[in-house]
Amino acid sequence: AATPEPDPTPDPAPATRTIAEIQGTGTASPLAGSTVTTTGKVTAVFATGGLNGYYLQTAGTGGDLTVTNHAASDGIFVYSPATVASVQPGDYLQVTGAVAEYYGMTQLNVTAAASLTKLMEAAPEVKATAFTLPASEAFRESLEGMLLAPQGPLTVTDNYGLNQYGEIGLAGGTTPLVQPTAVAPYGSAEYAAAVAD
């Protein structure tokens, strides 16, 4: 008699993680490459223009971060051509997807409509977080993907991605950032000053 094949080991259920746990406190997610489930409120949707996704932020987060120990972002980009058309800002969602880094940004890749659930229970609104520029790289990383309200004087310093992605680069203050080699030869004192600025 033939020996029956053993039952295959079922895939483990994705771990449930907060967005802050997915983001981590470094420049890359400690969970990159794993599949996770998380919840959040939709703060922005980009169904056209090439982004094919939306931003989620943990319900009730944001606002004044000076009164809390804020080290990890509570927002994340969800890349999901399969679900982007079915969500709108304010939706409260549970999503399951693979954690990845894309051009230095942490994101969740949600590949199927079955990996998204609209939650019906009430959830606190997300608040915009006020911040000023310049800011350290670590502080900017802790705000990645969150709903923001820039404060103080700002100058548009880059609009290259405006038409395709709806992105603009901002510099704190009243002057745009410059490429150091556009103002002085490489290695000169003027070049070093532009780099420092």
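One can find the structure itself at the top, above this paragraph.
Per chain, residues are indexed from 1 in the order of the written sequence. This being a predicted model, a pLDDT of at least 70 is required before a residue's local features are given, and a value of 80 or more before pairs of side-chain atoms are given or counted; all residues contribute to the totals for chains, interfaces and linings. Water and hydrogen atoms play no part in the side-chain values, which are based on all heavy atoms of the structure.

Draft legend 1. Local environment of the overall build of the protein chain. Broken down by element type, the protein chain carries 5 helices and 11 strands. Taken over the C-alpha trace, the protein chain has a radius of gyration of 21 Å; the compact-globule value for 197 residues is 16 Å, which it surpasses by more than 25%. Expressed along its principal axes, the backbone C-alpha trace of the protein chain runs to roughly 85 × 45 × 35 Å. A simple rule labels every residue: compare its accessible area, found with a 1.4 Å probe on the protein chains alone, to the largest value its type can have, and call it buried under 20%, exposed over 50%, or partly exposed in between. The 197 residues of the protein chain split such that 35% are buried. Considering only intrachain contacts with a sequence separation of at least 6, the fraction spanning at least 24 residues in the protein chain is 58%. Accessibility throughout is a Shrake-Rupley quantity obtained with a 1.4 Å probe, and a residue counts as covered only by protein chains that appear here. Carbon and sulfur atoms form 56% of the exposed surface of the protein chain, whose accessible area is close to 11,800 Å². His is not counted here, nor are the chain ends, while Lys and Arg score as positive and Asp and Glu score as negative. Taken as the charge location is NZ of Lys, CZ of Arg, CG of Asp or CD of Glu. Taking the average place of the 5 positive charges on the side chains of the protein chain and the average place of its 17 negative ones, the gap between the two points comes to 10 Å. Note on conventions: DSSP H or I runs of at least 4 residues are helices, E runs of at least 2 residues are strands, and numbering of each starts at the N terminus. Only C-alpha atoms enter the radius of gyration, while the globule expectation follows 2.2 Å times N to the 0.38, with N the number of residues. Any two residues having at least one pair of non-hydrogen atoms within 4.5 Å are treated as being in contact.

Draft legend 2. Quick look at the layout of surface pockets. With a 1 Å grid laid over protein atoms only, a set of points is called a cavity when a 1.4 Å probe fits there but cannot get out and a pocket when it is open yet has protein on both sides within 12 Å along at least five of seven lines; lining residues have an atom within 4 Å of a point. Grid points are joined across faces, edges and corners, and a volume is the space filled by probe spheres set on the points. Of the voids in this model, the largest pocket is the one considered here, and its volume is about 1,900 Å³. Along the walls of the largest pocket sit 43 residues, with M105, E167, I168, G169 and L170 positioned nearest its centre. When contributions to the lining of the largest pocket are tallied by element, the ones reaching two or more residues are β2 (35–46), β4 (75–79), β6 (105–109), α2 (137–141), β9 (148–151), β11 (169–172) and α5 (189–196). For the lining of the largest pocket, the element with the highest residue contribution is β11, accounting for 4 residues. Classifying every residue of the lining of the largest pocket gives 28 nonpolar, 10 polar and 5 charged. The classification used treats Ala, Val, Leu, Ile, Met, Phe, Trp, Tyr, Cys and Pro as nonpolar, Asp, Glu, Lys and Arg as charged, and all other residues, Gly among them, as polar.

Draft legend 3. Just the nonpolar core, in detail. Put simply, a nonpolar core is a bunch of buried Ala, Val, Leu, Ile, Met, Phe, Trp, Tyr and Cys residues held in one set by side-chain atoms that sit within 4.5 Å of each other. With 17 residues, the main nonpolar core has Y54, L56, L93, V95 and L108 as its most contacted residues. Among the elements that make up this core, the one with the highest residue count is strand β5 (residues 92–102) (3 residues). When sequence neighbours within four positions are dropped, the list of residues in contact with L93 reads T38, T39, G40, V42, Y54, L56, V87, L116, T117, K118 and L119.

Draft legend 4. Region of interest: empty space enclosed by the protein. Evaluated as defined, the whole model comprises 1 cavity of 30 Å³ or more. In this structure, the largest cavity encloses a volume near 30 Å³. Along the walls of the largest cavity sit Q23, G24, T25, G26, A71, S73, E141 and S142, which together make up its complete lining. For the lining of the largest cavity, the class distribution of residues is 1 nonpolar, 6 polar and 1 charged.

Draft legend 5. Representation of unusual backbone geometry. Residue P134 is reached from L133 by a cis peptide bond, and omega for that bond is 0°. Tracing the backbone through its elements, the reader meets P134 in the loop between β8 (129–132) and α2. In this model, N52 sits at a positive phi of 55°, which is unusual for a non-glycine residue. Turning to its location among the elements, N52 is positioned in the loop between β2 and β3 (53–57). Despite not being glycine, Y103 shows a phi value in the positive range, around 50°.

Draft legend 6. Quick peek at the side chain of H70. Within the fold, H70 resides in the loop between β3 and β4. Polar side-chain contacts of H70 include one of 2.7 Å to the backbone oxygen of S142. Setting aside residues no more than four positions away along its own chain, H70 makes contact with L65, S142, L143 and M146. For the purposes of these results, a polar contact is taken to be a pair of N or O atoms within 3.5 Å, where, inside protein, one atom must be able to donate a hydrogen and its partner to accept one; residues adjacent in sequence count only when each atom of the pair is a side-chain atom.

Draft legend 7. Region of the structure containing the pattern of salt bridges. Salt bridges are identified by distance alone: a Lys or Arg side-chain nitrogen within 4 Å of an Asp or Glu carboxyl oxygen. The full count for this structure, using the stated rule, is 2 salt bridges. A salt bridge links D91 to K118, with the shortest nitrogen-to-oxygen separation between them at 3.5 Å. With D91 in the loop between β4 and β5 and K118 in strand β7 (residues 116–118), the pair connects residues that are 27 residues apart, well separated along the chain. The buried category is assigned to D91, whose relative accessible area is 13%.

Honestly, that's just the spatial picture; any functional story needs more than this.
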